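# Architecture and fold: a report
Residues per chain are reported as follows:
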Amino acid sequence: MEMTECINFLLTQAQQKVFKCLKSELEPFNVTPVQYGVLQCLWDKGSQTPKQIGSVLGLDSSTITGILDRLENKALIMRNTCKGDRRTINVDFTEEGLKLRDPIGKIIEEVNKEVLKQFSLEEQNQLKKFLERI
């Protein structure tokens with residue numbers, strides 16, 4: 001099989017192009033695409049454990065820990081001990097983290113529009129469904 005016909009190659013190429021675009025657009029906010037993912041989890045569902053966030057994003061605990069460390073150093077999130085179980089840590093966004101929700105949300109919408117503009121609405125929906133099935 002030619003490399004250019006391999007699904008892994010094609011998906012990786014597409015992901016790298018989208019990631020590069022998103023990284024560039026998020027740079028003024030000092031947030032990476034992966035850090036955005038963590039923030040979006042918190043914006044969507046509120047306080048969560050690192051394990052819950054990692055599960056949504058498909059990241060292991062050591063990766064999540066590093067991302068949370070960097071976000072905490074930027075004062076965008078805070079980690080708190082659960083009152084009912086001191087062994088459990090909950091992650092919440094800070095006021096500074098919340099302030100990024102709207103401007104970053106607009107960037108995400110624009111990047112999605114830019115990436116998908118080459119497809120008809122029907123093709124966009126099909127692409128999303130195909131990717132979800134994989």
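The shown structure was predicted, so the numbers you read here are calculated from the model rather than taken from an experiment.

Before going further, it helps to examine the overall build of the chain. Helices and strands together make up the secondary structure of the chain, namely 7 helices and 2 strands. Going residue by residue from the N terminus, the α and β elements of the chain occur as α-α-α-α-β-β-α-α-α. Principal-axis analysis of the C-alpha atoms places the extent of the chain at approximately 55 × 30 × 25 Å. Buried residues in the chain amount to 25% of all 134 residues. The contacts of the chain with a sequence gap of at least 6 include a subset with a gap of at least 24, amounting to 48%.

Together, Ile7, Leu10, Leu11, Leu131 and Ile134 make up an exposed nonpolar region whose accessible area comes to about 480 Å². Examining the composition of the nonpolar patch, we find that 3 residues originate from one element, helix α1 (residues 7–26), more than from any other. Tracing the backbone shows Leu11 in helix α1.

Trans is the common state for peptide bonds, and a negative phi is the common state for residues other than glycine. For Asn30, which is not glycine, the phi dihedral falls at a positive 55°. On the secondary structure map, Asn30 appears in the loop between α1 and α2 (33–45).

Looking now at the side chain of Gln35. Along the chain, Gln35 falls in helix α2. Residue Gln35 is classed as buried on the basis of its relative accessible area, which comes to 4%. Setting aside its immediate chain neighbours within four residues, Gln35 contacts Asn30, Ile67, Arg70, Leu71 and Lys74.

So, about the layout of surface pockets. Its boundaries defined by the atoms lining it, the largest pocket holds a volume of some 1,300 Å³. Lining the largest pocket are 29 residues, and of these Ala14, Gln15, Val18, Asn112 and Leu131 lie nearest its centre. Elements with a contribution of two residues or more to the lining of the largest pocket: α1, α2, α6 (101–116) and α7 (121–133). It is α1 that contributes the most residues to the lining of the largest pocket, 9 residues altogether. A per-class count over the lining of the largest pocket returns 20 nonpolar, 5 polar and 4 charged.

What follows covers the nonpolar core. Ranked by size, the top nonpolar core spans 22 residues in total, and within it Val38 and Ile104 carry the most contacts. With 6 residues, the top contributor of residues to this core is α2. Not counting chain neighbours up to four residues away, the residues in contact with Ile104 comprise Leu26, Phe29, Val31, Tyr36 and Trp43.

What follows deals with the side chain of Thr94. Tracing the backbone shows Thr94 in the loop between β2 (89–93) and α5 (95–99). From its side chain, Thr94 meets the backbone oxygen of Ala75 in a polar contact 2.5 Å long. Setting aside its immediate chain neighbours within four residues, Thr94 contacts Ala75, Leu76, Ile77 and Met78.

Procedures and definitions
- Residues numbered from 1 in each chain as written.
- Predicted model: local features only at pLDDT ≥ 70, side-chain atom pairs only at ≥ 80, totals over all residues.
- Heavy atoms only, no water.
- Helix = DSSP H or I, 4+ residues; strand = E, 2+ residues; numbered from the N terminus.
- Buried < 20%, exposed > 50% of the residue type's maximum accessible area, 1.4 Å probe, protein only.
- Contact = heavy atoms within 4.5 Å.
- Patch = residues over 30% accessible without salt bridge, like charges linked within 9 Å, V, L, I, M, F, W, Y side chains within 5 Å.
- Areas by Shrake-Rupley, 256 points an atom, 1.4 Å probe, with all protein chains shown as cover.
- Salt bridge = Lys/Arg side-chain N within 4 Å of Asp/Glu carboxyl O.
- 1 Å grid on protein atoms, 1.4 Å probe; cavity = no way out; pocket = protein on both sides within 12 Å on 5 of 7 lines; lining within 4 Å.
- Points joined across faces, edges and corners; volume = space filled by probe spheres on them.
- Nonpolar A, V, L, I, M, F, W, Y, C, P; charged D, E, K, R; others polar.
- Core = buried A, V, L, I, M, F, W, Y, C linked by side-chain atoms within 4.5 Å.
- Polar contact = N/O pair within 3.5 Å; in protein donor to acceptor, adjacent residues only side chain to side chain.

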